[in-house]
Amino acid sequence: DGFGVAIEILYMRLHSDKDRNQGYAPEIINAGCELMRQLTFMKKKDREDYRLGAVVKSCLVGEKGAAIVQEICRKLKDSVSKCETHAFYHDELLQGLCSLQPTATLDALFSGDAAELKLGIRIIDDLRKLKKNPIDVVQEVELLGWCDQDPQTRYPIIAAAVAISHRANDAAPKQWTNIALRLLENAPDRVEVLKQFVRQFRPMSWSGSRAAIIESNAKLLDKLESHSDPAVVQFVAEETLRLGQAIQAERRAETVTDREKDERFE
């Protein structure tokens, strides 16, 4: 049961060498690789997760590191599927994996049968909702290059995983992220990519009015109404109508809920 202590010692050594602008000795890199190979998953404290992320960024380099990264991702998916841990506890680790070994991480997270693929997307989705999205640290050229290896399958996968919108400030309307637009333009099937974007419009956890959140997200489609692809234009028109009906239904439900709350307080 000395894994946590060993990680702490290694982290302090890496931190010390970095502060002295020293390169890492081969035996230190090898120690990091061996420790990360022994990693098992459970509900870890944030502090240890930070240390694991730092060790990953320093030690899991090259082909040897890529192989260990894939092994770590497989273990994580297996533990999440068995409810032994939650992605929430491993955000720093996953950010480290994505920043240092993006291809190996994407290959491992989004491989396997339909159930395994869904699990990989769920891991990223849970982190995106609760903490930071580790996919955001992957360079666009890396993401698009990975997608281009199997475009029909991979563009929709990444469309389901990336952040699709941002605001310039709290009062500004939402805008498409650059990576979302590039995925849409490069994908062989743009409608499939849009379907994955639209699935992100409906939050599973929220504060305030869910109808208002969906409406704010739905306005992103307005910017695609004059797209050069007729299939995109048709999808946008149909989805705008469907989302409008969904927003009205949400508002009616919220009105009923608010009325019931008021009556309980009277």
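Cut-offs applied
- Residues numbered from 1 in each chain as written.
- Predicted model: local features only at pLDDT ≥ 70, side-chain atom pairs only at ≥ 80, totals over all residues.
- Heavy atoms only, no water.
- Phe/Tyr/Trp six-rings, centres within 6.5 Å; stacked < 30°, edge-to-face > 60°.
- Buried < 20%, exposed > 50% of the residue type's maximum accessible area, 1.4 Å probe, protein only.
- Helix = DSSP H or I, 4+ residues; strand = E, 2+ residues; numbered from the N terminus.
- Lys NZ or Arg CZ within 6 Å of the ring centre and 35° of its normal.
- Disulfide = S-S within 2.5 Å.
- Core = buried A, V, L, I, M, F, W, Y, C linked by side-chain atoms within 4.5 Å.
- Contact = heavy atoms within 4.5 Å.
- Axes fitted to C-alpha atoms, helices over the stretch in contact; angles between N-to-C directions.
- Parallel < 35°, antiparallel > 145°, perpendicular 65-115°, else oblique.
- Left-handed = near helix turned anticlockwise from the far one by under 90°.
- Nonpolar A, V, L, I, M, F, W, Y, C, P; charged D, E, K, R; others polar.

Quick word on the packing of aromatic side chains
The final tally for this structure, using the stated rule, is 4 aromatic pairs. For the pair Phe88 and Tyr89, a centre-to-centre distance of 5.6 Å together with 90° between the ring planes defines the contact as edge-to-face. Classification of Phe88 by relative accessible area gives partly exposed; the value is 29%. Pairing Trp176 with Phe197 gives two aromatic rings, centres 5.4 Å apart and planes at 45°, and the pair type is tilted. Taken together, the positions of Trp176 in strand β2 (residues 175-176) and Phe197 in helix α11 (residues 190-199) put the pair 21 residues apart, joining distant regions of the chain. Pair check on accessibility: Trp176 and Phe197 agree, each one buried. Positioned over the ring face of Trp146 is Arg154, at 4.1 Å from the centre of the ring.

Focus on the state of the cysteines
Here the structure, examined in full by the defined rule, presents 0 disulfides. In this structure Cys83 is a free cysteine whose sulfur lies 19 Å from that of Cys73, the closest cysteine sulfur available. No disulfide involves Cys98; its sulfur sits 7.4 Å from that of Cys73, the nearest cysteine.

Description of the nonpolar core
Met36, Phe110 and Phe197 are the most contacted members of the largest nonpolar core, which has 73 residues in total. No other element matches the 7 residues that helix α4 (residues 62-81) contributes to this core. Other than its neighbours up to four places away in sequence, Phe110 contacts Leu117, Gly120, Ile121, Ile124, Ile135, Trp146, Ile157, Ile158 and Ala161.

Considerations on the packing of helix α6 (residues 102-109) against helix α8 (residues 140-148)
With their axes 10 Å apart at the nearest point, α6 and α8 run at an angle of 45° to one another. In this view, α6 runs oblique relative to α8, as classed from their interaxial angle. Judged by the sense of rotation from one axis to the other, the crossing of α6 with α8 is right-handed. Of α8, the residues touching α6 (which contributes Pro102, Thr103, Leu106 and Asp107) are Glu142, Leu143 and Trp146. Taken together, the residues that form the contact of α6 with α8 break down as 4 nonpolar, 1 polar and 2 charged.

Side note on the environment of Ala66
Note that Ala66 resides in helix α4. Given a relative accessible area of 18%, Ala66 falls into the buried group. Along the primary structure Ala66 and Asp78 are separated by 12 residues, whereas in three dimensions their C-alpha atoms are 19 Å apart. With residues up to four places along the chain from it excluded, the contact list for Ala66 reads Gln101 and Ala104.

Read these as layout, nothing more, since geometry by itself doesn't imply function.
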